[in-house]
Amino acid sequence: MHKLVIHGGLPLKGKVSIGGSKNSSLPILAATLLTPEPCILHGVPNLSDIRYMLQILQFLGAEVEFSDSTVRVQARNVQPEAPYDLVRKMRASICVLGPLLARCHQAKVSLPGGCVIGDRPIDLHLKGLSALGAEIRVEEGYIVAQCKELKGAKVELYGKFGSTVLGTDNVLMAASLARGTTLIEGAAVEPEVADLVEFLQKMGATIRGAGTRVLEIEGVEELHGAEHTVIRDRIEASTFAVAAVMTGGELLLEGAPFSHMDSVLQTLRSCGARWDITPNGIRVWTNGPLRAFQLQTEPYPGFPTDMQAQFCALACVTPGRSTVEERIFPNRFMHVSELKRMGAQIELLGNRATIEGVSHLSGAPVMASDLRASAALVLAGLVAKGKTTVHRVYHIDRGYENIDQKLQQVGAEIRREVVS
Ligand code: EPZ
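Residues numbered from 1 in each chain as written. Predicted model: local features only at pLDDT ≥ 70, side-chain atom pairs only at ≥ 80, totals over all residues. Heavy atoms only, no water.

- Named according to an unreviewed UniProt entry, the protein chain is UDP-N-acetylglucosamine 1-carboxyvinyltransferase originating from Candidatus Methylacidithermus pantelleriae.
- Regarding the protein chain, the UniProt comment filed under Subcellular location (unreviewed entry) reads as follows: "Cytoplasm". (UniProt positions renumbered as here; feature names shortened; annotations may be inferred.)

As structure tokens, this is what we get:
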């Protein structure tokens, strides 16, 4: 178990290299189950969530190698059961369901269970796969699915919180090997879905409409191996952009996928931060006092829910009253109570946080609860007076590779300690 010890108050200056996208790598890794041929993926971040997914692929029968951000996977033969003790570690493992059904015509995958950001239903996943002909039942905490064959169909994935990213991925992957044409309406349009489409096309899939809410997939008999470089991580880049702004520094976010970050960049501009696009990445800095802001999270291209906690931390030290409304997940304010322990002035009413900026936060021992909440606590520690100790750092290691080293390299006083 590790903790991060941070002494705040230092402006961050320098260059940060932005890694590959966790949320693109995970479904693409699942897609390698669709072929017995070798697949090679470049730019894969070395994160615990990635290592969990590789463990699952190995358990399902794949050969896996991972070194220097390149993964080589070959699923010559696949067995269709993903057990609870692997799936419970990471909800995203649900995205092996579609590929297992397509490859094996059966699947037994543990229900992902909830997580701290609230119940994580998969009704849309199951609705979509059933439409393709899968018979699905839930028994003893497992999804048990089978089909004689998958047949193309019209599928609608609109949910009450917008579409579903991994649900779109599951249906997309299953439809790639179905007989006939599938039309997905209400598909998620996150960049990570478009990256999966590109990888599937390299494998030989016939898919039209990438980046739109309507995807048309012509099923094929088989898919072949492919090589692909995953897109960079827009949430990691956005998190470091907030770090630059909060600390009053200036960072060059090397390789940042700026075209995937429009809503975050516009929000940063609205609160007085400055940025410009350079040939090497995005340069972010502040020029004078910050201004309070209002935001609500929405499906892409709206403001990403995965940046909500980080902007709450920014609002804590931004003069005036900011409001942050979470519209995607029912319980994604776990960071609020810990930020208040650092002196933040936050009032939480339902899914809306009203935040009065304070002159400074005070360092304190705080507890990470989920991936993005822990990123918010690190950001707060970077500006707080005194020492902040962030416990349960395994949460942050799920989605940020070497965050302490990257912050040290641009001037933060932060160190990782082993908790005895
Ligand atoms: C993906 O999760 C991301 N994870 C999440 O990032 C991200 O927050 C989320 O999309 C929304 O952008 C990965 O890509 C691995 P959803 P996913 O299905 O696909 C409801 C991070 O921090 N819903 O798009 O699981 C659901 O409850 C993680 O990197 C249903 O109602 O999210 C939520 O309210 C956290 N029924 C909303 O839709 C379903 O069948 C969006 O969920 C599926 C989802």
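### Topic: the sheet that holds strand β13 (residues 214-218)
Okay, so step 1: Here four strands make up an open sheet; going across it, the order is β10-β11-β13-β12 and the pairing mixed. Because the sheet does not close on itself, it has two edges, and the strands there are β10 (154-156) and β12 (206-208). The mean angle between the axes of side-by-side strands here comes to 15 degrees, regardless of whether they run parallel or antiparallel.
Okay, so step 2: For β10 and strand β11 (residues 181-185), the ladder comprises three bridges, and the chain directions are parallel. The residue bridging Lys154 from the neighbouring strand is Leu183, located in β11. (Pairing = 2+ DSSP bridges. Helix = DSSP H or I, 4+ residues; strand = E, 2+ residues; numbered from the N terminus. Axes fitted to C-alpha atoms, helices over the stretch in contact; angles between N-to-C directions.)

### As for the pattern of salt bridges
Okay, so step 1: Throughout the structure, instances matching the rule amount to 24 salt bridges.
Okay, so step 2: Residue Arg352 is joined to Glu325 by a salt bridge in which the shortest nitrogen-to-oxygen separation is 3.4 Å. In this pair, Arg352 sits in strand β21 (residues 352-356) while Glu325 sits in strand β19 (residues 321-325), placing the two residues 27 residues apart along the sequence.
Okay, so step 3: Residue class for Arg352 comes out partly exposed when judged on its relative accessible area of 36%.
Okay, so step 4: One salt bridge connects Arg415 with Glu417, and the closest N-O pair in it is separated by 2.6 Å.
Okay, so step 5: The exposure class of Arg415 is partly exposed, given its relative accessible area of 38%.
Okay, so step 6: A relative accessible area of 23% means that Glu417 is categorised as partly exposed.
Okay, so step 7: Several salt bridges converge on common partners, so that one network encompasses Glu298, Glu325, Arg327 and Arg352. (Salt bridge = Lys/Arg side-chain N within 4 Å of Asp/Glu carboxyl O. Buried < 20%, exposed > 50% of the residue type's maximum accessible area, 1.4 Å probe, protein only.)

### Observations concerning the site of the ligand
Okay, so step 1: As a structural note, the neighbourhood of the ligand is formed by 23 residues, with Asp123, Leu124, Thr164, Asp306 and Ile328 the closest of them.
Okay, so step 2: Secondary structure elements with two or more residues in the shell around the ligand: α1 (22-31), α5 (123-131), α6 (165-176) and α12 (371-383).
Okay, so step 3: Of the residues contributing to the shell around the ligand, the split by class is eleven nonpolar, five polar and seven charged.
Okay, so step 4: Residues lining the shell around the ligand come from more than one domain, with at least three contributed by each of domain 1 (2-18 + 232-418) and domain 2 (22-229). (Near = heavy atom within 4 Å. Nonpolar A, V, L, I, M, F, W, Y, C, P; charged D, E, K, R; others polar. Domains from an automatic or database assignment.)

### Examining the nonpolar core
Okay, so step 1: The biggest cluster of nonpolar side chains holds 74 residues, and the ones touching the most others in it are Leu29, Leu34, Val96, Val109, Leu150, Leu172 and Leu200.
Okay, so step 2: Ranked by residue count, the leading element in this core is α6, at six residues.
Okay, so step 3: Among all residues touching Val109, those that are not within four sequence positions of it are Ala82, Val87, Ile94, Val96, Leu97, Leu100, Tyr142 and Ile143.
Okay, so step 4: Membership of the second largest hydrophobic core comes to 72 residues, among which are Val16, Leu265, Leu377 and Leu407. (Core = buried A, V, L, I, M, F, W, Y, C linked by side-chain atoms within 4.5 Å. Contact = heavy atoms within 4.5 Å.)

### Concerning the domain arrangement of the protein chain
Many authors give the size of an interface as the accessible area that is lost as the parts come together.
Okay, so step 1: Annotation of the protein chain at the domain level lists domain 1 (2-18 + 232-418) and domain 2 (22-229).
Okay, so step 2: Summarising the inter-unit geometry, the C-alpha centres of domain 1 and domain 2 are found 30 Å apart.
Okay, so step 3: Contacts between domain 1 and domain 2 engage 24 residues on the former and 21 residues on the latter.
Okay, so step 4: Where domain 1 abuts domain 2, roughly 1800 Å² becomes buried across the two surfaces, and 53% of that area is made up of carbon and sulfur atoms.
Okay, so step 5: The largest share of the area that domain 1 buries against domain 2 comes from Tyr300, Arg398 and Glu401, three residues that together contribute 34% of it.
Okay, so step 6: Put simply, domain 1 and domain 2 have two salt bridges between them. (Buried area = accessible area lost by both parts, 1.4 Å probe.)

### Description of the packing of helix α8 (residues 234-247) against helix α10 (residues 308-316)
The description of two packed helices rests on the angle between their axes and on the distance between the axes.
Okay, so step 1: Packing of α8 against α10 brings their axes to within 10 Å, and their N-to-C directions diverge by 5 degrees. When the interaxial angle is binned, α8 and α10 end up roughly parallel. When α8 is examined against α10, the residues Ile235, Thr239, Val242, Val245 and Met246 are found in contact with a partner set consisting of Gln310, Phe311, Ala313 and Leu314. (Parallel < 35°, antiparallel > 145°, perpendicular 65-115°, else oblique.)

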